[in-house]
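Here's the letter readout for the chains.
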Amino acid sequence: MTVTASGGFRACGVTAGLKASGTPDVALVVNDGPSDVAAAVFTSNRCKANPVLWSEQVLSDHRARAVLLNSGGANCYTGPQGFQTTHANAEQVADRLGTGAVDVVVCSTGLIGEQLDRDAMTTGVELAVKALSADGGPAAAEAIMTTDTRSKEVVRHGDGYRVGGMAKGAGMLAPALATMLVVVTTDADVDAETADRALREATRRTFDRLDSDGCMSTNDTVLLLCSGASGARPDEAAFTEVLTDACHDLAQQLLRDAEGAEHDIAIEVTGAATEDDAVTVGRAIARSNLFKTAVYGRDPNWGRILAAVGTTDATFEPGDLDVAVNGVRICRSGGPGEPRNKVDLADRAVTVTVDLKAGTEFATIWTNDLTHAYVHENSAYST
């Protein structure tokens, strides 16, 4: 039941007519409490969509009762009219639920620069409120899909409480955040400060280390809603780990559904002087189109990996680096290692390990290969 696996939540997904395909395009998730604690992480893109601008205000007090989500339109760069649509949608949801608009988060995803059909959204809200149910999580997860080929859902169990979640995203996947809408719920009883710290740590270790194509979106939102319905008050560290595990699962589902991808790549950077160095190196490799096309062509070209490492300011000795691909150490101490023809890239899963030999810190960045299918998908997205 994903987002409704946690006690105290109802959800739904309905068809409002925003998508030409006629598939579901409006979702609503409602927190029936008793707690209304919420936390969120938004895109760091300076060009933010109207729903992000609205929701940042809503979450300023770390409280929320509902989140309205739509696919079929990003409502970004749509001017004052677009912001008014977001506000009107929140007011309508609030009126039907008997709460305030300042307690309604709004999320949108789709094409930038096109006005969101306000009449369709009005209809969608009415349908959604009537369709809310305690088992409506899967329908909500379906309604937020855009180029996704499958819905993304997760459930995790803590000590006396649950965490449920849903996500959408398949392209423009890059750190801080990615083209993703994520709603995570829990029936744990946590305070606002704990919820905020836990979500930021979970996001830092999962969604922010997903770098599919280096393109950052304008609409990214990761939202945590806490109902407190279980009455369980977990230790912060334990809650953070359960939440992080759920977010990691969703992030990996996003990666596996990346547009046109044929390989899922884990870039493990070890022996770093700092964790930031490890992340920086991993991201540099993940954003190398030469490396990504080599993996697509099943070519273990480790020179492209080291070339990417060398673009960073991380601490390392250029002549003393090791690189392994799928367990085969093809570069040893800055020179040739095992023959590269020993590397098998036939399977979808690929692991690249880079040892900087500069310390004890480490990090993993997740990316995918660059394929003809990705180019085709994104060359005609708006047409």
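What counts, and at which threshold
Position labels on residues start from 1 in each chain and follow its written sequence. Thresholds applied to this predicted model are a pLDDT of at least 70 for local features of residues and 80 or more for the giving and counting of side-chain atom pairs; totals over whole chains, interfaces and linings are not thresholded and use all residues. Computation of side-chain values covers all heavy atoms of the structure but excludes hydrogens and water. Here, nonpolar core refers to any group of buried Ala, Val, Leu, Ile, Met, Phe, Trp, Tyr and Cys residues whose side-chain atoms link them within 4.5 Å. Three labels apply to residues, based on accessible area from a 1.4 Å probe with only protein chains included: buried if under 20% of the type maximum, exposed if over 50%, partly exposed otherwise in between. Helix and strand labels come from DSSP, where a helix needs a run of H or I of at least four residues and a strand needs a run of E of at least two; each type is numbered from the N terminus. In this description, contact between two residues means that some pair of their heavy atoms is separated by no more than 4.5 Å. The arc in question is formed by the directions pointing from the helix axis toward the C-beta atoms. Salt bridge, as applied in this entry: a Lys or Arg side-chain nitrogen positioned within 4 Å of an Asp or Glu carboxyl oxygen. Orientation is described by lines fitted to C-alpha atoms, with helices fitted over the stretch in contact, and by angles between N-to-C directions that extend from 0 to 180 degrees. By the definition adopted for this analysis, an angle is roughly parallel if under 35 degrees, roughly antiparallel if over 145, roughly perpendicular if from 65 to 115, and oblique otherwise. Here a crossing is called left-handed whenever its near helix is offset anticlockwise from the far helix by less than a right angle, and right-handed whenever the offset is clockwise. DSSP bridges decide pairing: two strands pair if at least two such bridges lie between them.

A. Layout of the nonpolar core. Core analysis: the biggest nonpolar cluster contains 47 residues, and L28, V29, V67, L69, M166 and L225 have the highest contact counts within it. For this core, the element with the highest residue contribution is strand β2 (residues 26-31), accounting for 5 residues. Not counting the four nearest positions on each side in its chain, V67 is found in contact with A27, L28, V29, V105, C107, V183, L223 and L225. Of all hydrophobic cores here, the second largest spans 34 residues; its members include Y161, V163, M180 and A188.

B. The arrangement of helix α9 (residues 302-309) in detail. Restricting attention to buried positions, one finds in α9 the residues W302, I305, L306, A308 and V309. Buried residues of α9, seen end-on, are gathered within an arc of 155° and therefore sit on one face of the element. Summarising the contacts, the buried residues of α9 are in contact with α7 (275-286), α8 (289-296), β11 (322-325), β12 (328-332), β13 (335-336) and β14 (349-355).

C. Region of interest: the pattern of salt bridges. Going through the model one piece at a time under the given rule, you end up with 25 salt bridges. Across the pair D264 and R348 runs a salt bridge whose closest N-O atoms are separated by 3.0 Å. Taken as a pair, D264 in strand β10 (residues 264-272) and R348 in the loop between β13 and β14 lie far apart in primary sequence, 84 residues in all. On the basis of relative accessibility, which here comes to 32%, the residue R348 falls in the partly exposed class.

D. How the structure looks around the packing of helix α1 (residues 50-58) against helix α2 (residues 79-97). For the pair α1 and α2, interaxial distance at closest approach is 9 Å and the crossing angle is 50°. If you check the angle between α1 and α2, you find them oblique. Two packed elements cross with a definite hand, and for α1 against α2 that hand is right-handed. Taking contact as the criterion, the partners of N50, P51, L53, W54 and Q57 in α1 are, on α2, G79, G82, F83, T86, H87 and A90.

E. Region of the structure containing the sheet that holds β10. Overall, mixed pairing links the 6 strands, which are arranged β13-β12-β11-β14-β10-β15 in an open sheet. The open sheet is flanked by β13 and β15 (361-368), the only strands paired with a single partner. Seen against the sheet, helix α6 (residues 236-256) touches β10 and β15 and runs at an angle of roughly 40° to β15. Sheet strands in contact with α7 are β10, β14 and β15, and its direction is about 20° off that of β15.

F. Expanded view of the sheet that holds strand β9 (residues 221-226). Pairing is mixed in the open sheet, where 5 strands are placed in the order β3-β9-β8-β7-β6. Unpaired on one side and paired on the other, β3 (37-42) and β6 (152-157) mark the two borders of the sheet. Across the sheet, the axes of successive neighbouring strands diverge by a mean angle of 10°, strand direction being ignored. Where strand β7 (residues 162-168) and strand β8 (residues 181-186) come together, 6 bridges link them in antiparallel fashion. Residue pairing across strands places G165 opposite V184, the latter belonging to β8. Contacting β3 and β9, helix α5 (residues 192-205) runs over the sheet at an angle of about 30° to β3.

G. Expanded view of the pairing of β3. In terms of residue burial, β3 counts as a mostly covered element, since 6 of its 6 residues are buried. Side chains V37, A39 and V41 of β3 all project onto a buried face; the interleaved residues A38, A40 and F42 project onto the opposite face, where all are buried too. Two strands pair when backbone bridges link them, and β3 and β9 are joined in this way by 6 bridges, in the antiparallel orientation. Residue pairing for β9: A40 is matched across the bridge by L223.

Everything listed here is a matter of coordinates, which is why it stays silent on function.
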